[in-house]
Amino acid sequence: MCFLLALPCVVLSNMSLTDDKEKNIADTLVQGVDGSDEASVVVPARPQLHRKMKNRHIAMIGIGGVIGTGLFLGTATGLSNGGPVGLFLGYCTIGSLCFCVMISLGEMASLLPIPGAHITFSERFIDSSFSFTLGWMYWYSWAILLPAEISAAAVLINYWNKTINDAVWISIFLIVVVAINSMGPGVYGEVEFIFCSIKIVTIVGLIILGIVLDLGGGPTHDRIGFRYWKHPAPFAQYYGIEGPKGRFFAFWAVLTQAAFSFTGTEIVAIAGAEVKNPRRNIPRAIRRVWIRICFIYIGGATIVSLLVPYTDYRLELGTGTAAASPFVIAIQTAGIKVLPSIINAVLVTSAWSAGNSDIYCSSRALFNGNAPKIFTKLTRHGLPWVAVLPSVGFGCLAYMSVSSGSNRVFGWLSEMTAIAGLGSWFCIAVTYLRFHKGLKAQGIERNSLPYRAPFQPYAAYYAAVLAFITILFSGWSVFLRDNWSTATFVTNYLPLGLFPVSYVLARLWKRKGPIKPEDMDFVSGIEEVLAASYDEPPPRNWVERIWGYLM
């Protein structure tokens, strides 16, 4: 917990860069690391994405782009399984993992904000087979996430109306997110700016409201305090297992759900190839990651743990409505009449926004080059339209909820997404360790980078180990007596089994070994990045000064 509280101070104190350092790294890379006068930039043959996202777009996407049903709805499962302290510790653990992954990715993405982000980095710093495997797994994680968010949106709509078939709402949501993504990165950025603003204002409002209710400021004037951290118990006894073992299992059961909530934070790096002034905006967005982790996710989970007992029957997603959201439950318990419907409307827009980001990221994962070249086709507005189509097709999996139930489908897909997301985080950490080794081998000082992450390389080691352990034991509950579930086993361990198989097959096909540190490519694409970067005009008044600081 102390580690998380110290993040703001560490981030702000260790990640600044002067203009001289910026010039130094630019000169070093463009001239070549061997000191030669000729640039060794390799001009990419593929079509180039258009840099149409503005400063405020990437700033807001970096904070709230993928905040969705994992936080607003999925915390119900986390609280029910882990208890209040289990939920809090689980979110702190995955939050520390997310932070370490993001600072690792941020150091690479700030230097090279290019298409494919960590997928391209793994090709440059590990080998093409690893990149091939990561690229397809990353696309899979985002493609699966889309129907998860859409099916969750159907759950939310049922709060008001259960008479209309879920297929109608699923169709409406899909049409809207496809339409937004079909208009190019500029429109996507503008829509996400609006959606993210709504989400951030809502979660901040809910946290403030939660503090007021906890201190007895609600209509019932019931001062809750830490009551539910003591009674019924700080931890659930998972699956009825008594003692410390049951409490530890309860804590561990929260990790996968928490990982689903945090999944997608790397969208900042994916958008790096389409943002204006990337040298300024990418480091700024990375520095704000701690805001999302500490205040939004951990703060939100803490408020939930204070206001709702983990034994509340309404936490079961089987109810099929947004009444399962711990935030809505807390408001209803406090006796506030109108607010639940307002919050539910915001939750619907959150699911909509997250689905919007799902199509964006999955299509960019295909565009990076591991897929056939047909997926690199662009419209004149910079939209990789062919890459969008398969992602939209996966969204149709949400129609399974019509027969199986939205709540059950949401559970399946969220587990698959969480495991695939953790696998991507593991790969990002490993890629950074190779990146770090390559910098040393080629004599490039990390102090000269546009963004120098703290705690490295130890943070990357921590992220790799924790991500792998979490994946390995994600489906442990199926091995408990009389608790076997084929669906749970497959959704948790399918990505874990496919990754090594895909990597070995790719190595046999490509017949290329790992790249040596001294041969790693830190140069290709740097000229385009430098050409797209510029100094922002100085603020003319205090309003512009505040806006520039925030955005």
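Residues numbered from 1 in each chain as written. Predicted model: local features only at pLDDT ≥ 70, side-chain atom pairs only at ≥ 80, totals over all residues. Heavy atoms only, no water.

Draft legend 1. Spotlight on the overall build of the protein chain. Scanning the protein chain from terminus to terminus reveals 24 helices and zero strands. Across the 551 residues that make up the protein chain, the buried fraction comes to 61%. If you take every contact in the protein chain between residues at least 6 apart in sequence, the share linking residues at least 24 apart comes to 83%. Carbon and sulfur atoms make up 65% of the accessible area of the protein chain, which totals about 21700 Å². (Helix = DSSP H or I, 4+ residues; strand = E, 2+ residues; numbered from the N terminus. Buried < 20%, exposed > 50% of the residue type's maximum accessible area, 1.4 Å probe, protein only. Contact = heavy atoms within 4.5 Å. Areas by Shrake-Rupley, 256 points an atom, 1.4 Å probe, with all protein chains shown as cover.)

Draft legend 2. Structural context of the nonpolar core. Core analysis: the largest hydrophobic core is formed by 160 residues, its most contacted members being Tyr91, Leu97, Trp425 and Phe435. At 19 residues, helix α6 (residues 75-111) tops the list of elements feeding residues into this core. Apart from residues no more than four positions distant in its own chain, Trp425 is found in contact with Ile94, Leu97, Cys98, Val101, Phe262, Thr263, Thr265 and Glu266. (Core = buried A, V, L, I, M, F, W, Y, C linked by side-chain atoms within 4.5 Å.)

Draft legend 3. Quick peek at the packing of helix α8 (residues 128-157) against helix α18 (residues 385-395). Orientation of α8 relative to α18, taken along the N-to-C sense of each, is 45°, at an axis distance of 7 Å. What the angle tells us is that α8 and α18 run oblique. Note that α8 runs across α18; the crossing there is right-handed. Contact residues: Trp139, Ala143, Ile144, Leu146 and Pro147 in α8; Pro390, Ser391, Phe394 and Gly395 in α18. A per-class count over the contact of α8 with α18 returns seven nonpolar, two polar and no charged. (Axes fitted to C-alpha atoms, helices over the stretch in contact; angles between N-to-C directions. Parallel < 35°, antiparallel > 145°, perpendicular 65-115°, else oblique. Left-handed = near helix turned anticlockwise from the far one by under 90°. Nonpolar A, V, L, I, M, F, W, Y, C, P; charged D, E, K, R; others polar.)

Draft legend 4. Spotlight on a nonpolar patch on the surface. Together, Phe479, Trp484, Phe489, Val490, Leu494 and Leu498 line one region of the surface with nonpolar side chains, adding up to about 580 Å² of accessible area. Mapped onto the secondary structure, Phe489 falls in helix α22 (residues 486-510). Here Phe489 falls in the partly exposed class, since its relative accessible area comes to 31%. (Patch = residues over 30% accessible without salt bridge, like charges linked within 9 Å, V, L, I, M, F, W, Y side chains within 5 Å. Salt bridge = Lys/Arg side-chain N within 4 Å of Asp/Glu carboxyl O.)

Draft legend 5. Fine view of the side chain of Arg434. Structurally, Arg434 is set in helix α20 (residues 406-441). Those residues within four positions of Arg434 in sequence are excluded, and the remaining contacts are Phe125, Ile126, Ile515, Lys516, Pro517 and Met520.

Draft legend 6. Representation of the packing of aromatic side chains in the model. Considering all chains together, one arrives at 26 aromatic pairs under this definition. Consider the rings of Trp139 and Phe394, whose centres lie 5.0 Å apart with planes at 80°: the pair is edge-to-face. Residue Trp139 is found in helix α8, and its partner Phe394 is found in helix α18; the two are separated by 255 residues along the sequence. The exposure class of Trp139 is buried, given its relative accessible area of 10%. Each member of the aromatic cluster is reached from another via a ring pair, and the members are Phe121, Phe125, Tyr432, Phe435 and Phe522. Directly above the aromatic system of Tyr228 lies the positively charged group of Arg227, at a separation of 5.9 Å from the ring centroid. (Phe/Tyr/Trp six-rings, centres within 6.5 Å; stacked < 30°, edge-to-face > 60°. Lys NZ or Arg CZ within 6 Å of the ring centre and 35° of its normal.)

Draft legend 7. The arrangement of the packing of α6 against helix α15 (residues 289-307) in detail. Contact geometry of α6 with α15 gives a least axis separation of 9 Å together with a crossing angle of 175°. Taken together, the axes of α6 and α15 lie roughly antiparallel to each other. Judged by residue contacts, Leu79, Pro84, Leu87, Phe88, Tyr91, Cys92, Gly95, Cys98, Phe99 and Met102 of α6 engage Val289, Ile293, Tyr297, Ile298, Ala301, Thr302, Val304 and Ser305 from α15.

Draft legend 8. Main features of the pattern of salt bridges. Enumeration according to the criterion identifies three salt bridges in this entry. Note that Glu107 is salt-bridged to Arg446, the shortest N-O span being 2.8 Å. Separated by 339 residues along the polypeptide, Glu107 in helix α6 and Arg446 in the loop between α20 and α21 (458-472) bring together distant segments of the chain. Glu107 gets classed as buried once you look at its relative accessible area, which sits at 0%. According to the relative accessible area criterion, Arg446 is buried, its value standing at 12%. Of the charged contacts in the structure, one is a salt bridge between Arg507 and Asp127, with a shortest N-O distance of 3.9 Å. Within this pair, whereas Arg507 is found in helix α22, its partner Asp127 is found in the loop between α7 (118-125) and α8, the two being separated by 380 residues in sequence. With a relative accessible area of 28%, Arg507 lands in the partly exposed category.

Draft legend 9. The side chain of Ser363, seen in detail. If you trace the backbone, Ser363 turns up in helix α17 (residues 339-367). Beyond its immediate sequence surroundings of up to four residues, Ser363 is in contact with Ala387, Val388 and Ser391.

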